[in-house]
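Here is how the chains run, residue by residue.
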Amino acid sequence: MTRLFGALLAVTFVLPVSTRAADLRLGLVGTDTSHVIGFATVFNDASSPDHVPGARIVAAFRGGSPDLPSSRDRIEGFTRQLQDKYGIEIVGSIAELCARVDGVLLTSVDGRVHLAQARDIIKGRKPLFIDKPLASTLDDAREIARLAKAAGVPWFSTSTLRYSVAKMKTADLNGADVWGPGPLEEHHQLDLSWYAIHEAEMLFTLLGPGCEEVTRVESADASVVACRWKDGRIGTMRALRPYSDYGVVLFQKTPKGHTSQTNPVRTSQGELDRELVKFFTSGVPPVSNDETLELMAFLDAAQRSKDAGGRPMRLR
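Keep in mind that what you see is a predicted model, and the values were worked out from it rather than measured.

In spatial order, the strands read β14-β13-β9-β12-β11-β10-β15; together these seven strands make up an open sheet with mixed pairing. Edge positions in the open sheet fall to β14 (257–265) and β15 (313–314), since each of these has one partner strand only. Direction of pairing for strand β13 (residues 246–254) relative to β14: antiparallel, over a ladder of nine bridges. Its bridge partner being in β14, Gly247 is matched across the sheet by Pro264. Helix α8 (residues 197–207) rests against β9 (173–181), β10 (211–219), β11 (222–229), β12 (234–240), β13 and β14 of the sheet, and its axis sits at about 165° to β9. Seen against the sheet, helix α10 (residues 289–307) touches β10, β11, β12 and β15 and runs at an angle of roughly 45° to β10.

What follows is the structure, encoded as structure tokens:
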């Protein structure tokens, strides 16, 4: 089955023959996050109430970052669980993984390794989903996109929070304030990419692309990013430390003035899981690559604003 993706991809991408009559065979790159257990439960455990049919994880490559405690201290436990509970084969290289699967979930918790790992997956010509963050820098994110486009390999990256707020978007939405957890991780150049990328996904889902300028203000327990869109709309993102719930205030403009509505936000993993099966079957990303790259440019501008003492910064 061959599909031409038009403007999205300039090269024809051929889906594996095995996807026609059987479950998709998926592989994991990076077993140092609890997300891999979530994916294994959803795709491999038919008795789970959250089970999504159509795909199965058959192999995994460990990866891991020795200088990152959240990777180093958890990878052994997650890897054993994948093997013992879900029967997933652990392989010695990404090339070996690609030979066994139809698509790849790049799940390494450390965004710094995503470019190198994505390069090997793209070399294996496998469609890939890249778990948050897409990369630890804007330049790395753009290089992943460049390599994938040149090879004709479909990819996408998103947060589950996108699906949590998607139904809140309305035609008369004039602005939004979002908030959520914002713990930082010292090794990531774009510090908000580590966790506050969830809030950024919420903001971009609601207001769409077109952000042109951001200003970031810091305190010990919060990062606040004020953002102006090209059409004049304004959004804000508040990343709270050490942790918080998620929420959003929506602003609508009416003939009589402005109205607001405050909503709690809960994670929505199931919709992403179903979108993954659709993506690996069709090769069509459910989230625009261009929007994902603009979101990374937004985080880059927020970092530059912080480094410049809170000066406004335009997206580059």
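The next thing to look at is the sheet that holds strand β4 (residues 55–61). Ordered in space as β5-β4-β3-β6-β7-β8, the six strands form an open sheet in which the pairing is parallel. Across the chains shown, the open sheet's two edge strands, defined by having one partner strand only, are β5 (89–91) and β8 (155–156). One ladder, built from six bridges, connects strand β3 (residues 24–29) with β4; its direction is parallel. For Leu24, the partnering residue across the bridge sits in β4 and is Ala55. On the sheet, helix α1 (residues 35–44) packs against β3, β4, β6 (103–106) and β7 (128–130) and is oriented at approximately 145° with respect to β4.

It is worth spelling out the pairing of β3 at this point. β3 sits mainly inside the fold: five of its six residues count as buried. Taking the sense of rotation as the criterion, the β-α-β connection linking β3, α1 and β4 turns out right-handed. The pairing of β3 with β6 spans four bridges and is classified as parallel. What sits directly across from Leu28, in β6, is Leu105.

For the bond from Lys132 to Pro133, the omega torsion is -10°, close enough to zero to count as cis. With respect to the helices and strands, Pro133 occurs in the loop between β7 and α6 (138–151). Across the junction of Arg241 and Pro242, the peptide omega takes the value 5°, indicating a cis bond. Of note, the phi angle at Arg125 is positive, near 60°, even though the residue is not glycine. Inspection of the secondary structure puts Arg125 in the loop between α5 (114–123) and β7.

So, about the nonpolar core. If you look at soluble globular proteins, the nonpolar side chains tend to sit buried side by side. Ranked by size, the top nonpolar core spans 63 residues in total, and within it Leu128, Leu203, Leu206, Met237, Phe298 and Leu299 carry the most contacts. Per-element accounting of this core gives the leading share, eight residues, to α10. When sequence neighbours within four positions are dropped, the list of residues in contact with Leu206 reads Val165, Met168, Lys169, Leu173, Ala176, Val178, Val248 and Leu250.

Right, let's talk about the environment of Asp300 for a bit. Tracing the backbone through its elements, the reader meets Asp300 in helix α10. For the pair formed by Asp300 and Thr137, sequence separation is 163 residues and the distance between their alpha carbons is 7.3 Å. Not counting chain neighbours up to four residues away, the residues in contact with Asp300 comprise Leu138, Leu190 and Arg316.

So, about helix α3 (residues 75–86). The end-to-end C-alpha distance of α3 is 16 Å, a good match for the 16 Å that 12 residues give at a rise of 1.5 Å each. For α3, the full list of buried residues reads Ile75, Phe78, Thr79, Leu82 and Tyr86. One side of α3 holds all its buried residues, which, seen down the axis, span an arc of 100°. Away from its buried face, by an angle of more than 90 degrees, α3 presents the exposed residues Asp84 and Lys85. Structurally, α3 contributes buried residues whose contacts are with β3, α1, β4, α2 (69–72) and β5. A positive phi of about 65° marks Gly87, the residue just after α3.

Two elements in contact, α6 and α10, have axes separated by 9 Å at closest approach and are oriented at 165°. Classified by the angle their axes make, α6 and α10 are roughly antiparallel. The handedness of the crossing between α6 and α10 is left-handed. Mapping the contact onto sequence places Leu138, Ala141, Arg142 and Ala145 in α6 and Leu293, Met296, Ala297 and Asp300 in α10. Each residue belonging to the contact of α6 with α10 can be placed in one class, and the counts come to six nonpolar, no polar and two charged.

Conventions we followed
- Residues numbered from 1 in each chain as written.
- Predicted model: local features only at pLDDT ≥ 70, side-chain atom pairs only at ≥ 80, totals over all residues.
- Heavy atoms only, no water.
- Pairing = 2+ DSSP bridges.
- Helix = DSSP H or I, 4+ residues; strand = E, 2+ residues; numbered from the N terminus.
- Contact = heavy atoms within 4.5 Å.
- Axes fitted to C-alpha atoms, helices over the stretch in contact; angles between N-to-C directions.
- Buried < 20%, exposed > 50% of the residue type's maximum accessible area, 1.4 Å probe, protein only.
- Right-handed = clockwise from strand over helix to strand, strands pointing away.
- Core = buried A, V, L, I, M, F, W, Y, C linked by side-chain atoms within 4.5 Å.
- Expected span 1.5 Å × (residues − 1).
- Arc of directions from axis to C-beta.
- Parallel < 35°, antiparallel > 145°, perpendicular 65-115°, else oblique.
- Left-handed = near helix turned anticlockwise from the far one by under 90°.
- Nonpolar A, V, L, I, M, F, W, Y, C, P; charged D, E, K, R; others polar.

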